[in-house]
Each structure stands twice: as C-alpha cells, then as structure tokens.
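Examination of the molecular architecture
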Amino acid sequence: MATATQAVRLDEKVTQFVSKPRKMLINGKWVESASGKTFPSYNPATGEILAHVAEGDREDINRAVAAARAAFDSGPWSKMTPSERGRLIWKLADLIEKHSEAFAGLESLDNGKPLAIARVADVPGAVDMFRYMAGWATKIEGNTIPISMPGSKFLAYTLREPVGVVGQIIPWNFPLLMASWKLGPALAAGCTVVLKPAEQTPLSALLLGELVQEAGIPDGVVNIVPGYGETAGAALASHPDVDKIAFTGSTEVGKLIVQAAAGNLKKVSLELGGKSPNVVFQDADLNASIAGASLGIFFNHGQCCCAGSRLYVEEKAFDEVVEGVAAEASKIRLGPGVEPTTDMGPLVSEEQLNRVCGYLESGLAEGAKAVAGGGRHGDKGYFVKPTVLVNTHEKMKVVREEIFGPVVTAIPFRDLDDLVSKANGTVYGLASGVWTRDIAKAHHVASRLRAGTVWINCYNVFDSALPFGGYKQSGWGREMGHEVLELYTEVKSVCLPIS
Ligand code: ADP
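In this report, the structure presented in the accompanying data block is examined. (Residues numbered from 1 in each chain as written. Predicted model: local features only at pLDDT ≥ 70, side-chain atom pairs only at ≥ 80, totals over all residues. Heavy atoms only, no water.)

1. Here we look at helix H5 (residues 82-98)
Note the cut-off: Secondary structure elements follow DSSP: runs of H or I no shorter than four residues count as helices, runs of E no shorter than two count as strands, and numbering proceeds from the N terminus. By definition here, a helix of n residues has an expected span of 1.5 Å times n minus one. Under the scheme applied here, a residue whose accessible area is under 20% of the maximum for its type counts as buried, over 50% as exposed, and between as partly exposed, the area being computed with a 1.4 Å probe on protein chains only. Note on definitions: a residue-residue contact is assigned when non-hydrogen atoms from the two residues lie within 4.5 Å.
Across its 17 residues, H5 extends 24 Å between first and last C-alpha, which sits within 8% of the 24 Å expected from 1.5 Å per residue. For H5, the full list of buried residues reads Arg85, Gly86, Leu88, Ile89, Leu92, Ala93, Leu95 and Ile96. Looking at the buried positions of H5, the neighbouring elements they touch are helix H4 (76-79), helix H6 (100-111), helix H7 (115-136), helix H8 (175-189) and helix H9 (203-215).

Structure below.
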C-alpha cells in the first residue's frame, strides 16, 4: 500500500478506505460475513496486500437475497414512481462524479490500470451509464395490440414489469464500470439487486455501496456481497429465490452459470469472452490502423473481452502494419498505475500473469515469433510486455483461445473470402474492427462478420446508448442502449372485451 501511494497524491478517501477491513452491504447495513472471514485484495503492481474485505459465502448470499426479495415484494422501491426512481439513480451518478478522484485512485490501486485511464474512461463511463439509465426509468413502456378475436372488440395491451430479484456477478477488468452496466438498468427497471464484485477488485463496488445509501436508494434494493466465485458467486447463481442472473466474465464460468441457473430456470444474460479480429485492408489509412490495432489490443493491458487480439492484415500491407504495431508496443511505458509516467500497468493478479506467460510460452514453442515483447517485465508485480506475435496460424492455441493479456497475433490474408473465413473461424463473436477507405467494402465486411460489434476505422468506441454483447459463445443478450431493458423486464399481456 505504502509503495504505491507514494507515487502520486491519491485522494484522501482512498487511503482511508483501504486502511481498515471493508464490510459487505446487506439490507442497508454494513456487516461482517456470517463466518467472520475476510480475504485480501492485492495491489498488482507490488503483489502486496492492499485491503482486507469481508468474505461472503452462501449464508451471506441467503441474507442478501432475502433482503432484496423483501425490498422488491413489499419495500418502498416497488411503490416508488418511475420518476422518483430516475431521480435517485441520477443522484447516485452525481455522487460518483463528486468522488471521481477516490474511485479513480481505488481502481488504479486495486486493478493496476493507469490512474489517467481510470479518470477518463472508467469513472466518467460509470457516471454516464447511471445518467443514461436514470432517463430510461420513465420510458419503459408496453404497447397496445390490435387482436382479431371474432365476435367482440378487445382492448389488449402489454406491460413491461421488473423481472424481480437480480443476481449480478461482475469481473475485475473494469470494476466500477461493470457495476454501473449492471446496476443502472436493473434499478431503472425497478428490480432489486445482489451484486457480487470480483474477488480481485472488490473495493470500488464497496465505495459505490456507500453512495447508494447516500443517494437515498432504500435499504435492501442494492446489496453488495464480495467473495469468491466458487462460493459466493455459485450460491447466487443457483439461488432459488433469484429471478435473474446477469454475468460478465469468462465463457468457461458463463457455462457454469447457465447450469447453476437451471434449478429454478432463472433468466440469464451473459457477456463472455472474445477473440476479436481486427482487420486491416491495404487501402486503409495505415497510420490510423496501426494506432487502432495497438489501442485495440493494448488498452487496459489486453484485459478486455473485446480486445482486438487477432490482427488480420492484407498481404501487401502486412510488414508495414506489423512493424508499426511492434514499434507502438515497444514505446509503451510499463509501471504502477498510480505513477504519472505509466502507459500500461500490471495484469490484475499472479494467476493472470501465469496464464498470459503460459500462452506466450506455448505460442513460442509452437513456432510463433515475438516481434515485440514476448514475456514478463521485471520480477516484482504482475507486468507483461506488450507483445506482437507473427508466424502464427489458426491451429495454435494463441490464435484460438482468449489470452486476456497484451498479446496480439498477426496473420496475413489474401482476399475478402479468405479474410471472412479466418475472422469468423472462432467460437467467439463479441467484437471486430475493419480498416479501409472503401466504404462499400467496409459495410460488406461488417455484414459478413459474426460479431455483436463492428468498429469501422475505429476501435473500442463505447457509449451508454450503443448495445454491446456477443454472438456465438460470447454471450446471451445485449447490455447498454434500450436493448438492455429487455434483460431486466418481463412482458405481461393484458386483455379485456370492451364490446
Ligand atoms: P476471470 O477468469 O477473468 O477471472 P471469471 O469468469 O473467473 O473471470 O470471473 C468473473 C466473475 O465470476 C468473478 O466475479 C468471479 O468471482 C465469478 N465466478 C467465478 N467462478 C464462478 C462460479 N463458479 N460461479 C459463479 N461466479 C463465479
């Protein structure tokens, strides 16, 4: 803790927040875990313990679900007007904005990302998501439906009602932002929530819990239970009184969530892994595509489900683009997130470090060549050098599997059909990028890529209004935009004869 906070002056609240064990939020009270256990959250830049956090397990999940159930069935939340709900969500956004520096500091220390990135991406993104969703609270509408029953005239209409008690399990790559993607629409729809942050990065969600209370969101509406996936997460996913589970994380765990949800057939939405193709045609603005390919893979240290981890470049431009991306990679300055000179921080955990280094070893052993990076950086903290691999092909693990680190494989393609078959040759379908000056070709490729997002001449462009989610094994459902409200509402059909 001490080493990192020396780097820049962090918000006072950060030092205070990590100085004592953090409790969990159940029914409007900050409580210890039923077992009395805590778990450590580490600073990935040093490997040292950053804070101790109450360790939730089945019993805590049971208490949290009971609180959420009571708040949904008979608490003030369900009686509140949509306008009042919207106002409270907006107030929460204002409070997050007020404490931006504290959130950015906590995020940087707990996750490892550069403070500057947390300031411009994570925190404002979360504020914007709550504001966007606050607006939706008053706009969730049904329809009137003309029906054709012979004999009498009917009035038929639909209502969109909150799905009920929602369990939300989020990952560690954008801890606060993912909490906002989950909580924003659930609250706008009128649901109550049990949120389980990732065990690697629980701190910003716990600070958010304090602001949920300060905003005046009633007790029991938002419950936050930190803990491990196999225990607290699994208990939430299988809980018989949870109506819906929303999960963001690996495809592997997504499949476990589906199985766990089968017991009471709760609704499930999943935002899972990816192996996104970023495609450069020779007629593209190559400088822009080099910058875009670098941003696509190195942003957030490659720890993005939509990372452009497979770079496909048309044969004639291959050498120039690969050299350009390798040059960009070697310019990136690695260091603790809280140091002002850092462009890229550490990976989130020792487990991730070992996982990414394992992939690098496997790729190099199978004949890949690193034209930038290729291994760990230093021997303290969990740093990996930004890496560009060539001499790779579709059968290699590094090309097929999600690495979730700053590692891109570059492969040349011959023509459009070759490209489409290579780009779509994956079990994933989350995102993709296309770089070309030929507008018709860009839209043609966009229509053929089996992915939930296609970025043309850009990458990693997100907006609260723009739906995001996956084809194939990248997930079920869409987050953000008005599409997400479908995940948090049930449709009720009502009809009556009127003549
Ligand atoms: P990663 O592999 O990137 O760490 P995970 O998919 O393992 O991502 O984790 C994402 C979230 O899922 C975390 O909050 C984690 O605690 C949770 N999780 C992990 N395993 C399970 C499980 N078996 N059941 C429910 N949640 C889980």
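2. Points about the side chain of Thr426
Within the fold, Thr426 resides in the loop between helix H16 (416-423) and strand E16 (428-429). The class of Thr426 is buried, set by a relative accessible area of 14%. Apart from the residues lying within four places of it in its own chain, the contact partners of Thr426 are Lys275, Arg310 and Lys472.

3. Examining the pairing of strand E15 (residues 407-413)
Worth spelling out the cut-off: DSSP calls a pair of strands paired once it identifies at least 2 bridges connecting them.
A large share of E15 lies buried, amounting to six of its seven residues. Judged from the five bridges that link them, strand E12 (residues 310-314) and E15 form a sheet pairing that is parallel. Bridge pairing in E15 links Leu311 to Ala410. The pairing of strand E14 (residues 387-390) with E15 spans three bridges and is classified as parallel. Residue pairing for E15: Val388 is matched across the bridge by Val408.

Honestly, that's just the spatial picture; any functional story needs more than this.
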